[in-house]
Amino acid sequence: MTIRNTLRDHGQRYRPRMACLKKAEKLMLEMQDPKTGVKSQPQRLVITTIPHAITGEDIIAWLADRFQVDAQEARSFGSTLVALGYIYPLRDHKRLVIKPDASLYRFQTPYFWPTQQWPVEDTDYAIYLAKRNIRKKGILELHEQEQYNRLHKWMNHKWDFIVMQAKEQYRAAKERKKPDRVVFECQERAYWVVHRPPPGTVSAMDYGLDRRIDPNTEEVKTPDYYERIMIFTQQSIMRPRVKSSVSIGALVKYCATYRSHDPFLSNCLPSNPWLTDDVTYWTLNMPNVEIPTKMRVERWTFSFGELLSDPRGRNDFRLFLKKEFSGENLAFWESCEDLKWGTAATMREKAEQIYKTFLARGAPRWINIDGKTMEVTVKGLKHPHRYVLDAAQTHIYMLMKKDSYGRYMKSPVFKDTLQKAMSPEEHKFSDSQLEQNAKKRRPSLSPIVLRQQEQEQKAKMAANVDITQLCRFTTPVPHLAVYSGISDFPSANASPSLPFLAQTPVCPSPISVALDSTSASDRRVEASEGEGEGNPAAPATVGGNASKSRVALSLRRLLRRGCTPTTMFASLSPKCHSAAGTSSRIQPISPDQPSQAPPRRIANFFQIKVDIPPECRIYPIESEDEDEETRAASRGGVGAKEIICPWESLSPQNGTG
Amino acid sequence: PAHFQEEIANGGTHFDHTPVRNECKTMLDALNKVTACYRHLVIALGSTSDSQNLREELKRTRKKAQELAVANRTKLTSLLKDKSISKEDRAEYERLWVLFSSSMELLEVDMKRSLEIGQDFPLKVPTRHLIQTGMTGSTTTVAARAMSVQNMKYEADSNIDTADLRDLQSEISQVTQMMEEMEMKVQVAPWAVEAKQEAGAELKSNMSVGNSSVGVISICEEEPKEEEGGGGNRDAGFASICAVLVFLVIITVAVVLGYLVINMS
């Protein structure tokens, strides 16, 4: 394998486009004119005199005259030229600004000008540091030492070359006359202050990532290029157009809303870390901070999307939904996001888990989406891909947005958060304090560590969630740990079942079904659908109360229903519950089926024998789904007590659905 | 018999590689020197120390660099292609190869930049001003060092700044081609090479050189006292005190000897 050296690897190593450089160069040339350029004077040092020094005030005056701007603007312009490296200060070389007084500056030689196409090489920096080491006899500044050690580690294979070249360059430099030597050293130092800024120096050439494509190359006009232009133009023609009044109105509204939140346009409390090197702002706005800032909470009121995208806001919303017993919506939305953004390897399992937890009939956290969407989703889940749950997710999102979000804004949870939110004081740093801050700058936590923390927190949250939302269709499935808490029998203990008790059984106990007629059950179903989204009153009193004893609950149920004890007790056993649930699920479409077959089927499926009357239709959902699930369950033979995903079947499945 | 076994142990190399290695090193040192000088010359381009002479110096230094490069390349390629070299020797040649290719990289970049700057700053155009960098002296001595001569003689004609650029372009393409060939033909892993010098190696054998530039340190540190200027001055003070002491000792010894001589005669 040939080794490509870094100059030729065509990876990401092009400086992002800096159009100002060419313009600055033109300006530099204008400034050199002996008649119309900047006036220069000699710089008197101890032994020598060096010509071509210019004062800050001269530069500013020239710029103001040339561009017909006021002194303040000329001063910022001059500072930009210094920060880019075209002019360097002779005193206080680490501060790249223009001082409007008699402090001296000098022009930089064209070789050391910043350029778009010539990247600043670490090799050159290493050679410079080695030369400086020679000159200073080993005493380098702290940041230089750090860089030196770092380069020595990473460029170790080239180190011989660097040492050799440093020595030779040092000797070659000594061949020149003393004033030129001095000038050269100042030039080189200035160059590296711009391109490897010491802490506390703001250089205009400090930038982020390199680009992959050279922004200076002319694009070759191949047929491909023209085809791309054609496609783009065709698509532009077909693009739907919006009235400019509408789009401009939206822009204006956006600007007006977000103006005070933009750190460029308005003050950033307590202070902008990029300007003052003080990271209080970031620590106060950490993703999961206890007390959010007032600005942050205000952002949540802008739109539902803002609320969800802020982790702290999402937590608050989750708390609110928990109180309202519709937390499954948010959990479903989050797990859909997880599916969309997760790795491809885990997609299948995730899709299954989501189905089992949220979508299947009898799921512990069943979400309420309309039949059409459910059908489409279940169909899609046969061949799960990243966006298979998009329709359901959108539905739930709009549901939360239109319904829960409004209530959240008026809820005591939000009001409480709003009240507790703090507004930090603005920092007022003096110059020396700013320097202190710059010296104390340290890198933040590594993203790997942050991600680990995030995942630990997610796991903790998943473990802590108890099932507080159960719908009338929920089957208690004891072994299901994900999204359902570790507790053995959450549904039986779940308190929100209490409000339902008055009208509907938590698990469609076949006893009650058997007792009532089907019409009554339908009525019941409708009634419970009416109160679907949870009533704040009753759950509030029993919220999050997962430790009620099973016995107490069932006794209460017993008393209320006045059912026959035997069947009641039969339904108490865990197996029975699931059996009960599934048996209703397995309900054959035609109620006139012999009562023999279903129990046997149930027995085969769940390996228990329970005498349960089969004919009841609880679920007002399309019969085809039931049908295929029935067949799936009957032929499944998959482990007992599992909710079967319709696509999971060990035996050759029919092609329906 | 023992000698014979030694031969076998060496894997068949029956000659000592030291003279070859030294030769390569000398050639590389020469190339290194020329590269360093070339860089100094290119830095002066476009500034007020630019002149006809500088352009000619650049041209001649460049040519010398190329000759050295070709020579080095031929030598090292032939050595690296030789399969019968022992492991240590091969490691050494690979190290020399990395030195060579790094030198060539620097040279190539400097040549390209000199082309750009040369095109941007033609000497004969009156409206085009050179940048007033404060450097006004000539670079003759640097070029003389590169060419290893005592004095440079200038014989170029007056339009060298434009005429030379064409040559420069062709030379650049030659160098680029050579480097690509080098990459293709020689399979050396640069990162596998271990440098012989450790951190701070440049300080050794340079102490004498450093001392003589004491004056430069105090001039260039036009900074407030808390900066490293203070440290440099302190060291300079120590050095001068030591020098004075040594001088006094020598004078005393001389006086004593003189006295003895006078006494004896």
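Residues numbered from 1 in each chain as written. Chains lettered and ligands numbered in written order. Predicted model: local features only at pLDDT ≥ 70, side-chain atom pairs only at ≥ 80, totals over all residues. Heavy atoms only, no water.

## Some thoughts on the overall build of chain A
Formally: In this description a helix means any DSSP run of H or I spanning at least four residues, a strand means any run of E spanning at least two, and both kinds are numbered starting from the N terminus. Exposure is judged per residue with a 1.4 Å probe applied to protein chains only, and the accessible area is read against the type maximum: over 50% gives exposed, under 20% gives buried, and values in between give partly exposed. In this analysis, two residues are considered to be in contact whenever any of their non-hydrogen atoms come within 4.5 Å of each other. The accessible surface values rely on the Shrake-Rupley method and a 1.4 Å probe; as for residues, cover is taken only from the protein chains in view.
Looking only at helices and strands, chain A has 31 helices and 4 strands in total. Residues counted as buried form 47% of the 657 residues belonging to chain A. Residue pairs in contact within chain A that sit at least 24 positions apart in sequence constitute 69% of those at least 6 positions apart. Summed over its atoms, the accessible surface of chain A is roughly 34,500 Å², and 57% of this surface lies on carbon and sulfur atoms.

## A word on the interface of chain A and chain B
Keep this limit in mind: In short, buried area is how much 1.4 Å probe accessible area vanishes from two parts on joining, totalled over both. We define a salt bridge as a side-chain nitrogen of Lys or Arg found within 4 Å of a carboxyl oxygen belonging to Asp or Glu. Amino acids outside the nonpolar list (Ala, Val, Leu, Ile, Met, Phe, Trp, Tyr, Cys, Pro) and the charged list (Asp, Glu, Lys, Arg) are all regarded as polar, and Gly is one of them.
Between chain A and chain B, the residue contacts involve 77 residues of the former and 84 residues of the latter. Of the roughly 7,700 Å² buried at the junction of chain A and chain B (both faces included), carbon and sulfur atoms supply 57%. If you look at where chain A meets chain B, you find 5 salt bridges. Two residues, Arg-145 of chain B and Glu-168 of chain A, come together in a salt bridge whose shortest N-O distance is 3.2 Å. Broken down by element, the residue count for the side of chain A that touches chain B peaks at 13 residues, all from helix α6 (residues 159–173) of chain A. Looking at side-chain class alone, the side of chain A that touches chain B contains 33 nonpolar, 19 polar and 25 charged residues.

## Observations concerning the environment of Lys-124 of chain B
Residue and element names in this part refer to chain B. With respect to the helices and strands, the residue Lys-124 is situated in the loop between α4 (87–120) and α5 (140–147). Separated by 73 residues in the primary sequence, Lys-124 and Ser-51 have C-alpha atoms spaced 9.9 Å apart. Sequence-distant contacts of Lys-124, that is, excluding residues within four places in its chain, are made with Gln-52, Ser-158 and Asp-161.

## Considerations on the packing of helix α2 (residues 18–44) of chain B against α5 of chain B
Residue and element names in this part refer to chain B. Threshold: As a rule, the C-alpha atoms of each element are fitted with a line to give its axis, helices using only the stretch in contact, and angles between N-to-C directions run from 0 to 180 degrees. Each angle is binned into one of four classes, with values under 35 degrees roughly parallel, values over 145 roughly antiparallel, values of 65 to 115 roughly perpendicular, and all other values oblique. A clockwise turn of the near helix away from the far one marks a right-handed crossing, whereas an anticlockwise turn of less than a right angle marks a left-handed crossing.
As a packed pair, α2 and α5 sit with axes 8 Å apart at the nearest point and diverge in direction by 160°. Judged by the inter-axis angle, α2 sits roughly antiparallel to α5. Two packed elements cross with a definite hand, and for α2 against α5 that hand is left-handed. Contacts from Lys-33, Val-34, Cys-37, His-40 and Leu-41 in α2 reach Val-142, Ala-143, Arg-145 and Ala-146 in α5.

## Focus: the packing of aromatic side chains
Inclusion rule: Two aromatic rings from Phe, Tyr or Trp, using only the six-membered ring of Trp, form a pair when their centres are within 6.5 Å; if the ring planes differ by under 30 degrees the pair is stacked, by over 60 it is edge-to-face, and anything between is tilted. The rule is short: NZ of Lys or CZ of Arg within 6 Å of the ring centre and within 35 degrees of the ring normal puts a charge over the ring.
Enumeration according to the criterion identifies 24 aromatic pairs over all chains in this entry. By way of ring pairs, the aromatic residues Phe-304, Phe-317, Phe-320, Trp-333, Tyr-397, Tyr-405, Tyr-408 and Phe-414 of chain A are connected into one cluster. The ring of Tyr-125 of chain A carries Arg-196 of chain A above its face, with NZ or CZ at 5.4 Å from the centroid. Over the ring of Phe-121 of chain B we find Arg-128 of chain B, and its NZ or CZ is 5.7 Å from the ring centre.

## Considerations on the sheet that holds strand β4 (residues 104–107) of chain A
Sheet strands pair via backbone hydrogen bonds, and the direction of the pair is either parallel or antiparallel. All names here are of chain A. Stated precisely, the cut-off is as follows: Any two strands are treated as partners once DSSP identifies two or more bridges connecting them.
Across the sheet, which stays open at both edges, the 4 strands sit in the order β1-β2-β4-β3 with antiparallel pairing between neighbours. In the strand order of this sheet, the two ends are held by β1 (41–44) and β3 (87–89), each with one partner. Each adjacent strand pair in this sheet contributes to an overall mean axis angle of 55°, direction not counted. Bridge analysis of β3 against β4 gives 3 bridges, and the strand direction is antiparallel. Directly across from Pro-89, in β4, lies its bridge partner Tyr-105.

## Digging into the confidence of the model for chain A
Our working rule: pLDDT measures how confident the predictor is about each residue, on a scale from 0 to 100.
Summing up the model confidence of chain A, the mean pLDDT is 76 and the portion of residues at 70 or higher is 69%. Contacts from residues 1–6 of chain A, a stretch scored under 50 in pLDDT, to residues over four places away or in other chains number 15 contacts.

## Thoughts on unusual backbone geometry
Negative phi values dominate among residues other than glycine, just as trans dominates among peptide bonds. Here Leu-269 of chain A and Pro-270 of chain A are connected by a cis peptide whose omega angle stands at -10°. Within the secondary structure layout, Pro-270 of chain A lies in the loop between α9 (244–258) and α10 (273–276). In this model, Asp-92 of chain A sits at a positive phi of 55°, which is unusual for a non-glycine residue. Inspection of the secondary structure assignment puts Asp-92 of chain A in the loop between β3 and β4. One non-glycine residue with positive phi stands out, namely Ser-148 of chain B, at about 60°.

## Let's talk about the nonpolar core
To keep things clear, this is the line we draw: Put simply, a nonpolar core is a bunch of buried Ala, Val, Leu, Ile, Met, Phe, Trp, Tyr and Cys residues held in one set by side-chain atoms that sit within 4.5 Å of each other.
Counting residues in each nonpolar core, the largest one holds 114 residues, and the members touching the most others are Ile-59, Tyr-86 and Ile-87 of chain A together with Tyr-93, Phe-100 and Met-104 of chain B. Setting aside residues no more than four positions away along its own chain, Met-104 of chain B makes contact with Leu-31, Ala-69, Val-175, Met-178 and Met-179 of chain B. Among the nonpolar cores identified, the runner-up in size contains 39 residues, and Trp-300, Cys-336, Ala-363 and Leu-389 of chain A belong to it.

## Structural notes on a nonpolar patch on the surface
Applicable threshold: Residues enter patches when their relative accessible area tops 30% and they take part in no salt bridge; the joining distance is 9 Å for like charges and 5 Å for the nonpolar side chains Val, Leu, Ile, Met, Phe, Trp and Tyr.
Taken together, the side chains of Ile-241, Val-244, Leu-245, Phe-247, Leu-248, Ile-251 and Val-255 of chain B define a hydrophobic patch exposed on the protein surface, amounting to about 680 Å² of accessible area. Take Phe-247 of chain B: its relative accessible area is 53%, and that puts it in the exposed class.

## Things to note about the packing of helix α1 (residues 20–31) of chain A against helix α3 (residues 71–84) of chain A
A packed helix pair is summarised by two numbers, namely the angle formed by the two axes and the spacing between the axes. Residues and elements named next belong to chain A. Taken N-terminus to C-terminus, the directions of α1 and α3 make an angle of 105°; their axes are 12 Å apart at the nearest point. Comparing the axis directions of α1 and α3 gives the class roughly perpendicular. Side by side, α1 and α3 meet where Cys-20, Leu-21, Ala-24, Leu-27 and Met-28 of the first sit next to Phe-77, Leu-81 and Leu-84 of the second.

## A few points about the pattern of salt bridges
A side chain with one charge may pair with a side chain of the opposite charge, provided their charged atoms come close. Residues and elements named next belong to chain B. According to the stated counting rule, one finds 42 salt bridges over all chains in the structure shown. Of the charged contacts, one joins Arg-60 and Glu-56 as a salt bridge, the two residues approaching to 3.1 Å between their closest N and O atoms. In this pair, Arg-60 and Glu-56 both sit in helix α3 (residues 52–81), 4 residues apart, roughly one turn of the helix. Judged by its relative accessible area of 24%, Arg-60 falls in the partly exposed class. Overall, the relative accessible area of 6% leaves Glu-56 in the buried class.

## Some words on the environment of Leu-418 of chain A
Residues and elements named next belong to chain A. Among the secondary structure elements, Leu-418 is positioned in helix α19 (residues 412–420). Along the chain, Leu-418 and Glu-298 lie 120 residues apart, while their C-alpha atoms are 8.4 Å from each other. Those residues in contact with Leu-418 that sit more than four places away from it in its chain are Lys-294 and Val-297.

## Description of the pairing of β1 of chain A
Residue and element names in this part refer to chain A. The pairing of β1 with strand β2 (residues 49–55) spans 3 bridges and is classified as antiparallel. Note that in β2 the partner of Gln-41 across the bridge is Ala-53. Joining the antiparallel neighbours β1 and β2 is a turn of 4 residues.

## Side note on helix α16 (residues 347–359) of chain A
Within α16 of chain A, 10 of the 13 residues are buried, leaving the element largely enclosed by the surrounding structure. Burial in α16 of chain A covers these residues: Met-347, Lys-350, Ala-351, Glu-352, Ile-354, Tyr-355, Lys-356, Thr-357, Phe-358 and Leu-359 of chain A.

## A closer look at the pairing of β2 of chain A
Residue and element names in this part refer to chain A. Among the 7 residues that make up β2, 5 are buried, leaving the element largely enclosed by the rest of the structure. Relative to β4, β2 runs antiparallel, the two being bridged by 2 bridges. In the sheet register, Ile-54 faces β4, and the bridge partner there is Tyr-105.

## Some thoughts on helix α2 (residues 56–67) of chain A
Residue and element names in this part refer to chain A. The test is simple: A helix is expected to span 1.5 Å for every residue after the first.
Compared with the 16 Å implied by 1.5 Å per residue over 12 residues, the 17 Å span of α2 between its first and last C-alpha is a close match. All of the buried residues along α2 are Gly-56, Ile-59, Ile-60, Trp-62, Leu-63 and Ala-64. The inward-facing, buried residues of α2 abut α1, β2, α3, β3 and β4. Where α2 ends, the next residue or the one after it, Gln-68, has phi of about 55°, a positive value.

## Quick notes on the environment of Gln-419 of chain A
Structurally, Gln-419 of chain A can be placed in helix α19. The exposed category is assigned to Gln-419 of chain A, whose relative accessible area is 64%.

## Structural notes on the side chain of Asp-160 of chain A
Relative to the helices and strands, Asp-160 of chain A resides in helix α6. Among residues more than four places away in sequence, those in contact with Asp-160 of chain A are Arg-95, Leu-99, Ala-195, Lys-196 and Gln-197 of chain B.

## Observations concerning the side chain of Ser-79 of chain A
Residue and element names in this part refer to chain A. Locating Ser-79 in the fold gives a position in helix α3. Since its relative accessible area comes to 17%, Ser-79 is described here as buried. Look past the residues within four positions of Ser-79 in its chain and what remains in contact with it is Leu-96, Val-97 and Ile-98.

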